[in-house]
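In case you want the letters, here they are:
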Amino acid sequence: MTVCRPKLWKYLSITLSFVLAAQLLSGAFSRKFDPLAYVMSVHQRIPWKIWNESLQASSETYQMGNGAETSAQEGTQDSSLLSKEKPLCPPVPPYLAGRLTINRTAPSLEELERTHPELEPGGRYRPAECRARHRVAIVIPYRDRAQHLSVFLFHMHPVLQRQQLDYDIYIIEQAGSGKFNRAMLMNVGALESLKQYPYDCFIFHDIDLLPEDDRNLYTCPEQPRHMSIAVDTLNYKLPYENIFGGVSALTVDQFKQVNGFSNSFWGWGGEDDDMSHRVRYYGFFLSRYPAHIGRYTMLSHNKDAPNPERFDKLYNGEKRFKTDGINSIKYKVLDIQLRRLFTWVHVELYPS
Ligand SMILES: *[C@@H]1O[C@H](CO)[C@@H](O)[C@H](O)[C@H]1NC(C)=O
Ligand SMILES: [Mn+2]
């Protein structure tokens, strides 16, 4: 007995440590990987963190940092004379205001045009002081919302300019009085904007949503980014986890990989959830800024009748991802105008 006891302890401790190790390992593997939490913890916190730092940084440090960055970038980036003269813009713009007040009484479009001499024809803007890091097409599906248009432009141009983006706003207006097809209009906006300029990404934007915080950066996302997280009319709460409607950002490559939006959602609803499926089906995941940054005010309007077919379309959507999208869209551009504050695309949509 006395000889056995140390052996018994040895066996016991070995067995125990095996059990413990196995438990730890299985625990690590069985825990569900939550890509959203991952992005929030690693990538999406970065803008907020740098913002805190940039609050303390003076404009001199911003310029110094910038100069160093440019000299390293030169030669590898494009070699045009213009881009060599300008430093690359800082990762976090120094002009941000943080929380914004929403002004729902905008001047008329004519008046607004006079206050934006900095815009090139078609509403194009690039920062004068530096080379933008992101070329962004803001794509807005549109019909019968003249009262929202001026409020939106009044609010958005200053925000996007403080964010030092190379951007343009595309108002994609559906012709006729047939059922509205938001998703097709966004496909058209993406395709038509790329004919004009080599954008890096698209931000698909409902015209009735206004960001309440300019730290909500309209930059190109690493993973498809849902931006309208906390909307005032929804008590600033995310209604469900995989929502992708309202305001969302995709790079040109991501958009092409998922074949754009479905063309088969006529009437209100469903197309954004279909896009959410597409994005995850093709191996991307949804990213989001923190909820206190992704806040929006929604302008009021009469709600359209929901499309009763949307659930069926959603349910069998996966079968159509490869055949229903930018590779099958049918539309005709009736007019395209470079207006002072935006590029206007008037388009007729056809079922495909
Ligand atoms: C909202 O904008 C209008 C038009 O520019 C201006 O007259 C008004 O003072 C603004 N209201 C507030 C509360 O800032
Ligand atoms: Mn709406």
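Quantities reported herein were computed from a predicted structural model and do not represent experimental measurements. (Residues numbered from 1 in each chain as written. Chains lettered and ligands numbered in written order. Predicted model: local features only at pLDDT ≥ 70, side-chain atom pairs only at ≥ 80, totals over all residues. Heavy atoms only, no water.)

(A) Fine view of the site of ligand 1. Every residue near ligand 1 is listed here: Asn 103, Thr 105, Pro 107 and Phe 154. Thr 105 places a main-chain nitrogen or oxygen 3.2 Å from an oxygen atom of ligand 1. Notes on ligand 1: free accessible area 360 Å², of which the protein chains cover 31%. (Near = heavy atom within 4 Å. Polar contact = N/O pair within 3.5 Å; in protein donor to acceptor, adjacent residues only side chain to side chain. Areas by Shrake-Rupley, 256 points an atom, 1.4 Å probe, with all protein chains shown as cover.)

(B) Quick peek at the coordination of the manganese ion (ligand 2). Surrounding the manganese ion (ligand 2) are the protein donor atoms Asp 208 (OD) and His 301 (NE2), at 2.1 to 2.5 Å. On the criterion of sequence distance, the pair formed by Asp 208 in the loop between β3 (201-205) and β4 (209-211) and His 301 in the loop between β8 (295-298) and α11 (310-315) is long-range, its members being 93 residues apart. Judged by its relative accessible area of 31%, His 301 is partly exposed. (Donors = N, O, S within 2.8 Å, 3.2 Å for Na, K, Ca; no water. Helix = DSSP H or I, 4+ residues; strand = E, 2+ residues; numbered from the N terminus. Buried < 20%, exposed > 50% of the residue type's maximum accessible area, 1.4 Å probe, protein only.)

(C) Looking closely at the sheet that holds strand β2 (residues 166-174). Taken in spatial order, the seven strands of this open sheet run β5-β7-β3-β1-β2-β10-β9, and their pairing is mixed. Both outer strands of the open sheet, β5 (225-226) and β9 (330-338), are each paired with one neighbouring strand and no more. Of the strand pairs in this sheet, β2 and strand β10 (residues 343-350) are connected by five bridges, and their pairing is parallel. When the sheet's bridge partners are listed, Glu 173 is paired in β10 with His 346. (Pairing = 2+ DSSP bridges.)

(D) Region of interest: the pairing of strand β1 (residues 135-142). Counting buried positions along β1 yields seven of eight residues, so the element is predominantly enclosed. Pairing of β1 with β2 involves eight bridges; the strand directions are parallel. In the sheet register, Ile 140 faces β2, and the bridge partner there is Ile 171. With helix α7 (residues 146-162) bridging β1 and the parallel β2, this β-α-β connection has right-handed handedness. Sheet topology note: the β1/β3 ladder contains four bridges and is parallel. The partner of Ala 137 across the bridge, within β3, is Phe 202. (Right-handed = clockwise from strand over helix to strand, strands pointing away.)

(E) Expanded view of the side chain of Asn 263. Of note, Asn 263 is situated in the loop between α9 (252-257) and α10 (271-281). Residue Asn 263 is classed as buried on the basis of its relative accessible area of 2%. Contacts of Asn 263, omitting those with residues within four sequence positions, involve Asn 181, Met 184, Asn 187, Asp 324, Gly 325, Ser 328, Ile 329 and Ser 352. (Contact = heavy atoms within 4.5 Å.)

(F) Summary view of the pattern of salt bridges. With the rule as written, the count across this model stands at 14 salt bridges. Where Arg 135 meets Asp 200, a salt bridge forms, and the shortest distance between an N and an O atom there is 2.9 Å. Of this pair, Arg 135 sits in strand β1 while Asp 200 sits in the loop between α8 (182-196) and β3, placing them 65 residues apart in sequence. Here Arg 135 falls in the partly exposed class, since its relative accessible area comes to 31%. Its salt-bridge partner being Arg 145, residue Asp 208 comes within 3.7 Å of it at the nearest N-O pair. In this pair, Asp 208 sits in the loop between β3 and β4 while Arg 145 sits in the loop between β1 and α7, placing the two residues 63 residues apart along the sequence. Using a relative accessible area of 4% as the deciding quantity, one classes Asp 208 as buried. Several salt bridges converge on common partners, so that one network encompasses Arg 99, Asp 213 and Arg 215. (Salt bridge = Lys/Arg side-chain N within 4 Å of Asp/Glu carboxyl O.)

(G) Focus on the sheet that holds β8. Pairing is mixed across the open sheet formed by three strands, whose spatial order is β4-β8-β6. In this open sheet, the two strands that pair with only one neighbour each are β4 and β6 (230-231). Note that β4 and β8 share three bridges and pair antiparallel. Residue Leu 210 lies in a different strand from β8, and its bridge partner there is Thr 297.

(H) Unusual backbone geometry, seen in detail. At Gln 164, a residue that is not glycine, the phi angle is positive and equals roughly 55°. Judged by relative accessible area, which is 2%, Gln 164 ranks as buried. At Asn 259, a position not held by glycine, the phi torsion is positive, near 65°. Of note, Asn 259 is situated in the loop between α9 and α10.

(I) How the structure looks around the state of the cysteines. Taken as a whole and assessed by the stated rule, the structure comprises two disulfides. Here Cys 89 connects covalently by a disulfide to Cys 130, the sulfurs 1.9 Å from one another. Taking the torsion about the sulfur-sulfur bond, which here is approximately 90°, the covalent link between Cys 89 and Cys 130 counts as right-handed. Of this pair, Cys 89 sits in the loop between α5 (81-85) and α6 (109-114) while Cys 130 sits in the loop between α6 and β1; the two residues are 41 residues apart in sequence, bridging distant segments of the chain. The disulfide partner of Cys 201 is Cys 220, and the S-S distance across this bridge is 2.1 Å. Looking down the S-S bond of the Cys 201 and Cys 220 bridge, the torsion is -75°, so its handedness is left-handed. Here Cys 201 is found in strand β3, whereas its partner Cys 220 is found in the loop between β4 and β5, with 19 residues between them in sequence. (Disulfide = S-S within 2.5 Å.)

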